[in-house]
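Here is what each chain is made of, one letter per residue.
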Amino acid sequence: MRRLEVLAPAGDTERFNACINYGADAVYLGRKQFGMRSSPMNFDFPQLVQAVQSAHAKGIKVYLTCNTLPRNNEIPQFEQFVHEAVEAEVDALIVADIGLLALIKRYAPDMEIHISTQTGIVNYVTAQELYNMGAKRIVLARELTLEEIAEIRAKTNPDMEIETFVHGAMCVSFSGRCLLSQYLVNRDANRGECAQPCRWGYHLVEEKRPNEFFPIFEDEKGTYILNAKDMCMIEHIDKLAQAGVDSLKIEGRAKSAYYVTVVTNAYRMAVDEYYKNPENFVLPDWIRDEVYKVSHRKYSNGFFFGTPENSQYYENSGYIRNYDVVAVVEKCENGTVYCTQRNRFFSGDTVELLAPSTKPVVLKLDTLCDENGVEIQTANHAMMKFSFKSDLIFPSGTVIRKETK
C-alpha cells in the first residue's frame, strides 16, 4: 500500500507557501489559462518556476491544472502551455478533456497525467481505459461511496493511483458539470468562472402570478434549495486508506491562505496519526477541532457512506467563522517573539499560535510592544511590526489567531 498523500490547493504564492510549510506532500495549482479557478491570482510562468523549485527543494510535488473544457480557439495555445510546464518541471498535469490528454502525450510523452474529477469517473472500466491511454492517476467523481472506490481499486491496474476529494466545498451538480452559472450570468463553470448561483436564495413564483412569492422558504430571505454543505472526511482517514485511495485532495484554490494553512496542517497531522496505529485509528479531538477554526459551511461526509440524507443547508449560504488571523510570527530571539499584524487585537487578548504539525499553543498576551520596543495597548495598524515576551520558541510563519466573539 502506498503512503497516503496530502494534496493541498494553492491559488497564489502566499497560499502555495502555506501548503509547503504546513505539511503538504503535493500541491496543485493553476495558471491564467486552462484552469478551473479563474478568480484566484494563479501563477504566471516565472512564479510557476519558482514554486516548483521551492517545492522540490523540500521533496514536495507540484501538479498543474489544465482541466477546463477548452473551445476551438484555445487549442492552438495549449502546446506552449505544455512546453512551459515541462520547462518548469512540474510533476504532473491534471486534465479533463480527452483531446488535451492526446495533445499532452504528443507534446510531452514523459509528462505524468492525472485525470480530473471533471471527467466524471465512476466505474473501473473507465478508470482502466484512461490508465491504458496514459494516465498515471485518476481523480474520482465526488459522488462515489467508499465501497465503489474499493471496487475500482480492486479491478484496475495496481500501478494506477486513485485520488479523491476529502475536504472543502461541494458542488450541487455532478462532478462540477454545471450550466446554471452560464445561463444566469454568462459565467461558464466549466471554464473556471462559476458565480456559484447554487449558493443564492430562491423563491417559487407561478407564471400567471408575477410578484407573488409562494411560501416555501425557511425565512423571509428565501430558501437555499441548492446550497450544499462542505465535505469533511478528517475523522475517516483509515476508511479512505482501506478503500485504496492514494491521495487525499483538499478543495480550496480560491480560499484564503489561513484556510490552506489550517486545513493542510490538520490533514497532515491526521494522516501521521493514522500511521501511528492504522488498525485502531482514532483522531484526537484537537486535530478534528482544527477544521472548525476556519471559515466553513456546515460539514457532511458527502457520498462516501451512501446517498447523503443531510447534505444540503437551507437556512443561508453564509460561512461559519469563529477565528480570525491576527498576526504571523517573523522570528524569535532572546525570549522575544517578533510578529507582523494581520488584524486588530489588544494587549491582554488570549490567542492561539499554530505552528506546523504541532498542537496549538494558547497564550495570553499581557504586554505588546511596537517595533521600537515601546509598550502599546493595541496592534491596530495593517501589517505593523510588534513583539511580545515568551519563553517558547515558534518557527517563522507561525499563525497567531484569536477566537471571535
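So, here's what we can say about the structure. (Residues numbered from 1 in each chain as written. Predicted model: local features only at pLDDT ≥ 70, side-chain atom pairs only at ≥ 80, totals over all residues. Heavy atoms only, no water.)

1. A short note on the environment of Q33
Here is step 1: Along the chain, the position of Q33 falls in the loop between β2 (26-29) and α2 (45-57).
Here is step 2: With 10 residues separating them in the primary sequence, Q33 and F43 have C-alpha atoms 9.7 Å apart.
Here is step 3: Residues contacting Q33, with those up to four places away along its chain left out, are Q77 and F81. (Helix = DSSP H or I, 4+ residues; strand = E, 2+ residues; numbered from the N terminus. Contact = heavy atoms within 4.5 Å.)

2. Some points on the side chain of D370
Here is step 1: Tracing the sequence through the fold places D370 in strand β18 (residues 368-370).
Here is step 2: No salt bridge is formed by the buried D370, whose closest oppositely charged neighbour, K389, lies at an N-O distance of 12 Å.
Here is step 3: One polar contact links the side chain of D370 to the main-chain amide nitrogen of N372, over a distance of 2.9 Å.
Here is step 4: Among residues more than four places away in sequence, those in contact with D370 are I376, K385, F386 and S387. (Buried < 20%, exposed > 50% of the residue type's maximum accessible area, 1.4 Å probe, protein only. Lys, Arg positive; Asp, Glu negative; His and termini not counted. Salt bridge = Lys/Arg side-chain N within 4 Å of Asp/Glu carboxyl O. Polar contact = N/O pair within 3.5 Å; in protein donor to acceptor, adjacent residues only side chain to side chain.)

3. Side note on the pattern of salt bridges
Here is step 1: Counted under the stated rule, the structure contains 25 salt bridges.
Here is step 2: In this structure, the salt-bridge partner of R3 is D272, at a minimum N-O distance of 3.9 Å. A residue pair is termed long-range when its members are at least 10 positions apart, and R3 in the segment before β1 (5-10) and D272 in helix α9 (residues 257-276) qualify at 269 residues.
Here is step 3: Salt bridges here are not isolated pairs; linked through shared partners, they connect E5, R137, E161, E163 and K249.

4. What to know about the environment of V62
Here is step 1: By the element assignment, V62 lies in strand β3 (residues 61-66).
Here is step 2: Filtering out sequence-adjacent residues up to four positions away, V62 remains in contact with F16, V27, L29, A51, V52, A55, V90, D91 and A92.

5. Here we look at the nonpolar core
Here is step 1: Counting residues in each nonpolar core, the largest one holds 94 residues, and the members touching the most others are F16, L93 and Y267.
Here is step 2: Per-element accounting of this core gives the leading share, 11 residues, to α9.
Here is step 3: When residues no more than four places from it in sequence are discounted, the contact partners of Y267 are V6, V166, H167, C232, M233, I234, I237, I250 and V291.
Here is step 4: V337, F345, L363 and F394 belong to the second largest nonpolar core, which has 18 residues in total. (Core = buried A, V, L, I, M, F, W, Y, C linked by side-chain atoms within 4.5 Å.)

6. Remarks on the packing of aromatic side chains
Here is step 1: If you walk through the whole model with that rule in mind, you get 8 aromatic pairs.
Here is step 2: Considering the side-chain rings of Y274 and Y275, the 4.9 Å spacing of their centres and the 65° angle between planes classify their relative orientation as edge-to-face.
Here is step 3: Overall, Y274 belongs to the buried group, its relative accessible area being 5%.
Here is step 4: On the accessibility criterion, Y275 (24% relative accessible area) is partly exposed.
Here is step 5: Where F345 meets F386, the ring centres are 5.3 Å apart and the plane angle is 65°; that geometry is what we call edge-to-face. (Phe/Tyr/Trp six-rings, centres within 6.5 Å; stacked < 30°, edge-to-face > 60°.)

7. Examining the layout of surface pockets
To find the voids left in a structure, one rolls a probe of water-molecule size over its atoms.
Here is step 1: Considered as a void within the structure, the second largest pocket measures approximately 670 Å³ in volume.
Here is step 2: Counting only elements with at least two residues in the lining of the second largest pocket, the list comes to α1 (13-21), α9 and β13 (323-333).
Here is step 3: When residues of the lining of the second largest pocket are assigned to their parent elements, the largest contribution, 6 residues, is made by β13.
Here is step 4: For the lining of the second largest pocket, the residue count by class is 12 nonpolar, 8 polar and 6 charged. (1 Å grid on protein atoms, 1.4 Å probe; cavity = no way out; pocket = protein on both sides within 12 Å on 5 of 7 lines; lining within 4 Å. Points joined across faces, edges and corners; volume = space filled by probe spheres on them. Nonpolar A, V, L, I, M, F, W, Y, C, P; charged D, E, K, R; others polar.)

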